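Here is how the chains run, residue by residue.
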Amino acid sequence: MLNEPVGTVAGAGALLAILRDGQARTRAELVQLTGLARSTVSQRLDALLTHQWIVPTEDAISSGGRPAVAFAFNSSARVVLSADLGATHARVAVTDLATTVLAERTSDLAIDKGPEPTLQWLLDTFLEFLDETGHTVEQVCGVGVGLPGPVEHASGRPINPPIMPGWDGFPVPKWLGERLGAAVLVDNDVNIMALGEHWAARPEADQLVFVKIGTGIGCGIISDRRLHRGAQGAAGDIGHVRVSSAADVVCRCGNTGCLEAVAGGASVAAKLAAAGVPASNSRDVVNLVRQGNTQAVQLIRQAGREVGDVLASIVNFFNPAVIVIGGDIAEAGEHVLAGVREVIYSRSLPLATQHLSIRTSELGDRAGVVGAAVMVIEHVLAPGTVDRAVLR
């Protein structure tokens, strides 16, 4: 029950949260659901209507008397700008408040060019998209960005990212926010992929682990249907867990023995190149697997085993219901999954694997932009945020 005082619009956000399930409801239904006075519900509905968060539905609901107007969440009220920036390529999108993609683009983009050239390209792309979709900067409710490195969630600043020279401590939210006039949220790219996959493809999963195997390796954790970031935002960095098979292998982070150094896409490509097979990145590796190259298939399966070895400990510790494998290397399909499953099922507790599902991402390389949009939407439409907006 909502307990805000009668005659105020504080609490409009909680009313909006009810309507976000997609079902249109009348004033009478909302009064019954909340236990609030009809006048209070009416004032909060009026506030939401004024800010266009809800709209009257076209068809009124009749129970034999005068038809009652029903209200529904207005997913077109604002737009969200989202970006998933990887080590070598980027995907950018504009979505509505239901994460429906209105415009989208993928481009080769090297993150090591530095923050300002990268963010300027991103800003230009965002503005082009707004023009293409007929929206203005004023209609942007927020911007979500995923970066391929550790991000301090509270500030949105990358912290000592191994593959992002010049980005350490750079104020990404401030730089973009000043130019777009909207809130900017920044997170690790694997976290936003986990959010996107859970939102769009696995909403029923209370506990989910999303593993990205691309140039590097990372992990996003959904616990009790919420993203678990840890104390500073560093949770899930499994790419730099030490593995015995890589004891003497130097990782790009400067340490030796990291999982990423033996199972990441860059590592697999380097092994193929050393054997005389042309490969320079994760995509080359996947193409070779699809062509039936025996060396590529063997290396990908072994990479899956290495990842599975680390994930077996996570399965025993966290007991997820679903493990989703994403990133470029996931495009190798059953070859990488077979390696992951082989080790997890042999080294994890039977109870932990009894109903465990291990599969590739349903959203594929769109998981990041969807997740970046979800991150913004959940922030902007949080009841407290909505209340502050309608009280201005």
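The structure under discussion appears in the preceding block.
(A) Here's a closer look at the overall build of the protein chain. Helix and strand content of the protein chain: 14 helices and 15 strands. Taking 392 residues into account, the globule formula puts the C-alpha radius of gyration at 21 Å, and the protein chain, at 23 Å, falls close to it. Principal-axis analysis of the C-alpha atoms gives the protein chain an extent of 75 × 50 × 40 Å. Counted over contacts in the protein chain with a minimum sequence separation of 6, partners at least 24 positions apart contribute 61%. For the protein chain, the distance from the average position of its 31 positive side-chain charges to the average position of its 40 negative side-chain charges is 3 Å.

(B) Summary view of the pairing of strand β5 (residues 89-95). Most of β5 is tucked away, with six of its seven residues classed as buried. As paired strands, strand β4 (residues 79-85) and β5 are joined by six bridges and run antiparallel to one another. Looking at β5, one finds that Ser82 is bridged to Ala93. Between the end of β4 and the start of β5, which pair antiparallel, lie three residues. Both β5 and strand β6 (residues 101-108) contribute to a ladder of seven bridges, which runs antiparallel.

(C) Focus on the sheet that holds strand β3 (residues 70-73). Read across the sheet, three strands follow the order β1-β3-β2 without closing on themselves; strand pairing throughout is antiparallel. At either margin of the open sheet sits one strand with a lone partner, and together these are β1 (25-26) and β2 (54-56). Looking at chain direction, β2 and β3 are connected through three bridges and run antiparallel. Looking at the pairing, Val55 lines up with Ala72 of β3. Those strands touched by helix α3 (residues 38-50) are β2 and β3, and its axis lies near 105 degrees from that of β2.

(D) Seen up close, the layout of surface pockets. One number sums up the size of the second largest pocket: a volume of about 590 Å³. Together, 15 residues line the second largest pocket, and Leu195, Arg226, Leu227, Val374 and Glu378 are the ones closest to its centre. Listed by contribution, the elements that provide at least two residues to the lining of the second largest pocket are α6 (189-200), β13 (226-228) and α13 (367-380). Considering every element that reaches the lining of the second largest pocket, the biggest residue donor is α13, with four residues. Class assignment of the residues belonging to the lining of the second largest pocket gives a composition of eight nonpolar, three polar and four charged.

(E) View of the packing of helix α1 (residues 12-19) against α3. Closest axis-to-axis distance for the α1/α3 pair is 9 Å, and the angle between their directions is 80 degrees. It follows that α1 is roughly perpendicular to α3 by the angle criterion. On α3, the residues touching Ala12, Leu15, Leu16 and Leu19 of α1 are Val41, Arg44, Leu45 and Leu48. For the contact of α1 with α3, a count of residues per class yields seven nonpolar, no polar and one charged.

(F) Representation of the packing of helix α10 (residues 294-318) against helix α11 (residues 334-347) within the structure. Their axes nearest at 6 Å, the elements α10 and α11 cross at an angle of 35 degrees. Where α10 crosses over α11, the handedness of that crossing is right-handed. The segment α10 lies against α11, with Val297, Ile300, Arg301, Gly304, Arg305, Val307, Gly308, Asp309, Leu311, Ala312, Val315 and Asn316 engaging His335, Val336, Ala338, Gly339, Val340, Glu342, Val343, Ile344 and Arg347.

(G) A look at the sheet that holds strand β11 (residues 207-213). Strand order across the open sheet formed by five strands is β13-β12-β11-β14-β15, with mixed pairing between neighbours. For this open sheet the edge positions go to β13 and β15 (357-360), each flanked by a neighbour on one side alone. On average, each strand axis in the sheet is tilted by 25 degrees relative to the strand beside it, whichever way the strands run. Helix-sheet contacts for α6 involve β11, β12 (217-223), β13 and β14 (322-326), and the interaxial angle to β12 is about 45 degrees. Of the strands in this sheet, β11, β14 and β15 are in contact with α11, which crosses β15 at around 165 degrees.

(H) Fine view of unusual backbone geometry. The phi dihedral of Gln52 falls on the positive side, at around 65 degrees, and the residue is not glycine. Secondary-structure assignment places Gln52 in the loop between α3 and β2. Of note, Arg225 is a non-glycine position whose phi angle comes to about 65 degrees, a positive value. Inspection of the secondary structure puts Arg225 in the loop between β12 and β13.

(I) Seen up close, the packing of aromatic side chains. A complete count under the given rule lists one aromatic pair for this structure. Look at Trp167 and Phe170: their rings are 6.5 Å apart centre to centre, the planes differ by 70 degrees, and that puts the pair in the edge-to-face class. Grouping residues by exposure puts Trp167 and Phe170 together as buried. The ring of Trp53 has Arg78 sitting right over it, with the charged end atom 4.3 Å from the ring centre. The aromatic ring of Trp175 is capped on one face by Arg179, whose charged end is 3.8 Å from the ring centroid.

(J) Just the side chain of Thr125, in detail. Inspection of the secondary structure assignment puts Thr125 in helix α4 (residues 115-133). Judged by its relative accessible area of 2%, Thr125 is buried. In terms of polar contacts, Thr125 uses its side chain to reach the backbone carbonyl oxygen of Trp121, at 2.8 Å. Residues within four places of Thr125 in sequence aside, it is in contact with Val92 and Arg105.

Criteria and cut-off values
Residues numbered from 1 in each chain as written. Predicted model: local features only at pLDDT ≥ 70, side-chain atom pairs only at ≥ 80, totals over all residues. Heavy atoms only, no water. Helix = DSSP H or I, 4+ residues; strand = E, 2+ residues; numbered from the N terminus. Rg over C-alpha atoms; globule rule 2.2 N^0.38 Å. Contact = heavy atoms within 4.5 Å. Lys, Arg positive; Asp, Glu negative; His and termini not counted. Charge placed at Lys NZ, Arg CZ, Asp CG, Glu CD. Buried < 20%, exposed > 50% of the residue type's maximum accessible area, 1.4 Å probe, protein only. Pairing = 2+ DSSP bridges. Axes fitted to C-alpha atoms, helices over the stretch in contact; angles between N-to-C directions. 1 Å grid on protein atoms, 1.4 Å probe; cavity = no way out; pocket = protein on both sides within 12 Å on 5 of 7 lines; lining within 4 Å. Points joined across faces, edges and corners; volume = space filled by probe spheres on them. Nonpolar A, V, L, I, M, F, W, Y, C, P; charged D, E, K, R; others polar. Parallel < 35°, antiparallel > 145°, perpendicular 65-115°, else oblique. Left-handed = near helix turned anticlockwise from the far one by under 90°. Phe/Tyr/Trp six-rings, centres within 6.5 Å; stacked < 30°, edge-to-face > 60°. Lys NZ or Arg CZ within 6 Å of the ring centre and 35° of its normal. Polar contact = N/O pair within 3.5 Å; in protein donor to acceptor, adjacent residues only side chain to side chain.

Read these as spatial facts, not as claims about activity.
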